[in-house]
Amino acid sequence: MPKLFNPALENLPPAELQKLQFTKLKAQLIRVYEQSPYYREKFDNAGVNPHQFNHIEQYREYPFFDKEEERESQTQSSAELGHPLGMHITCDIKDVRRISSSSGTTGTPTFSGFTQKDREVTIENMARLMARVGIEKGDPVMHAGVLSMWVAGLPCLDSLMGAGAMVIPMGALSGTERLAQIASVTRPKAMLGTPSFMLHLIKTMKERSGIDPKSIGVEKLLVFGEPGGSVKEIYEQMSAGFGGAQVYDVMGATGCHSPTGISCEAHAGIHYFAADNAYFEIVDPNTMLPLPLEDGVEGEIVFTGLDKECAPQIRWRDKDIIHVTTTPCDCGRSGPRMLFRGRVDDMLLVKGVNVFPNAVRDVINALSPKLTGNIRIVKDGSGPVVTPPAKIKVEIMKETPAAERDAIAVQIENAIHHKLRFRAKPEFINEGEFKLITGATGKAKLVEEAE
Ligand SMILES: [Zn+2]
């Protein structure tokens, strides 16, 4: 059995876990109802009373919470209470120890507050993650993600330090050369960042710094922010580029205490290890009713932070479509595993067919080693509509001859038609000329609007 930080909680039998979740959930619902006039009104309007919460089935009657509501609540608290943590706050503002913000890629950023207890739960989850990947106290860990206020930035550093790692707070913005120099002398055992940044390092590091990423001695790559860590072609490329490092895909849960899951050596989905503090439901995105948590279930994931103290977001709609597997994993760890399918908001509409941009990228990248992994779908305007044949910009190695390009183009058209059921027209862009468009979090954008 692989090592776990908290086997008692991480290996709870399902019946005991459900009992614990129910007890904590009821206490949390009563707490927010009693301590926050905001939640009292919201629950009263929905006709629910936590004091009469007697079975988990009743939870489906509770109202959801989403980004728009959070933004309104925070605009109101900024004006009325003098802080941006929202009218749904349930602690004394003086008890807040740190604030993180959303990546701000869509509209005004929103904020999350963490009390000392919230920091401790986050550290507990980070310790669970570290034990699973074999990072021990004092092991050097380089953070090579964007070190900003978003949850995977400075808050992640805070919990890595709290859980005992020896942190090298490099960040992603100092340039490849500087990163290579520092990594070659600090010898991180693990490195954290987005998949696209890791691929960027593999491509540019040796040329720019004279240092081969294979020579740094990184044993573990922990990637987040994009789905690449669970996509075979991408994690294999990352692993090879860093001399056989093991690649792990990290998952967080908005409104809870992230990280909450990490993939394993078997690459069979992300093991969710925080169900005792970050409760999740899978709901049907059309009816918004909870689906039974059984093998193969797929739908929108909804989170409730059972231990969140500052400003709990009860039934938070994360807008991610997740596929859940419950069959035993080869690695021997228990619990449900998750595969990210796409963002509800990113779903494109091609002739009435829902298409996830990351699925398009994965299909294309599996086709030829001549493709670099960068693609961008061109949509008609600001809405989700793409008129077929969908124009897709695809980066290709410069030296690829014309005949081979034609063959790859046909392969792309066939694969997209066969696997995703729409017509596409690839437009090749030579390596080096494909301008990556990234948001505040360093995530590469997969869609652009037609000019
Ligand atoms: Zn596993």
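Residues numbered from 1 in each chain as written. Predicted model: local features only at pLDDT ≥ 70, side-chain atom pairs only at ≥ 80, totals over all residues.

S.K.: What am I meant to see in the overall build of the chain here?
M.R.: Across its full length, the chain holds 11 helices and 20 strands. For 451 residues, the compact-globule formula gives about 22 Å, and the C-alpha radius of gyration of the chain, at 22 Å, lands near that figure. By residue count, 45% of the 451 residues in the chain fall in the buried class. Pairs at least 24 residues apart make up 65% of the contacts formed inside the chain by residues separated by at least 6 positions. (Helix = DSSP H or I, 4+ residues; strand = E, 2+ residues; numbered from the N terminus. Rg over C-alpha atoms; globule rule 2.2 N^0.38 Å. Buried ≥ 20, exposed ≤ 12 C-beta atoms within 10 Å, placed from the backbone. Contact = placed C-beta atoms within 7 Å.)

S.K.: Help me understand the domain arrangement of the chain in this model?
M.R.: In terms of domain boundaries, the chain breaks down into domain 1 (7–94), domain 2 (116–343) and domain 3 (348–449). The C-alpha-based centres of domain 1 and domain 3 are spaced at 41 Å. (Domains from an automatic or database assignment.)

S.K.: For this particular structure, what's the right way to read the nonpolar core?
M.R.: For soluble globular proteins, the rule of thumb is that nonpolar side chains tend to be buried together. Counting residues in each nonpolar core, the largest one holds 77 residues, and the members touching the most others are Leu221 and Phe303. In this structure, this core is formed jointly by two domains, domain 1 (7–94) and domain 2 (116–343), each of which donates at least three residues. Not counting residues within four places of it along the chain, the set of residues in contact with Phe303 comprises Ala253, Thr254, Gly255, Cys256, Ala278, Tyr279, Phe280, Trp316 and Asp318. Ranked by size, the runner-up nonpolar core spans 21 residues in total, among them Ile364, Ile408, Ile412 and Ile416. (Core = buried A, V, L, I, M, F, W, Y, C linked by C-beta atoms within 7 Å.)

S.K.: Help me understand unusual backbone geometry, please; the structure alone is not making it clear to me.
M.R.: Working note: non-glycine residues mostly have negative phi, and peptide bonds are mostly trans. Omega for the peptide link from Ser258 to Pro259 comes to 5°, which places this bond in the cis form. Take Pro259: it is sitting in the loop between strand S7 (246–251) and strand S8 (261–263). Residue Pro388 is joined to Pro389 through a cis peptide bond whose omega torsion reads -5°. Relative to the assigned elements, Pro389 resides in the loop between strand S17 (385–386) and strand S18 (390–396). Of note, His267 is a non-glycine position whose phi angle comes to about 50°, a positive value.

S.K.: What am I meant to see in the sheet that holds strand S20 (residues 447–449) here?
M.R.: Backbone-to-backbone hydrogen bonds pair the strands of a sheet. The strands run either parallel or antiparallel. Strand order in this open sheet of 4 strands is S19-S18-S16-S20, and the pairing throughout is mixed. Edge positions in the open sheet fall to strand S19 (424–430) and S20, since each of these has one partner strand only. Each strand of the sheet is rotated relative to its neighbour by a mean of 30°, with strand direction disregarded. Where strand S16 (residues 371–379) meets S20, 3 bridges bridge the pair, whose relative direction is parallel. Among the inter-strand pairings, Ile377 is bridged to a residue of S20, identified as Val447. Against the sheet, helix H10 (residues 357–365) makes contact with S16, S18 and S20, and its axis sits at roughly 140° relative to S16, the strand it touches most. Sheet contacts for helix H11 (residues 402–420): S18 and S19; angle to S19, the most-contacted strand, approximately 140°. (Pairing = 2+ DSSP bridges. Axes fitted to C-alpha atoms, helices over the stretch in contact; angles between N-to-C directions.)

S.K.: Explain the pairing of S16 to me, please; I cannot follow it from the model alone.
M.R.: For a regular strand, the rule is simple: side chains alternate between the two faces of the sheet. For S16, the tally of buried residues reaches 8 of 9 residues, placing the bulk of the element in the interior. For S16 and S18, the ladder comprises 4 bridges, and the chain directions are antiparallel. Directly across from Leu371, in S18, lies its bridge partner Ile396.

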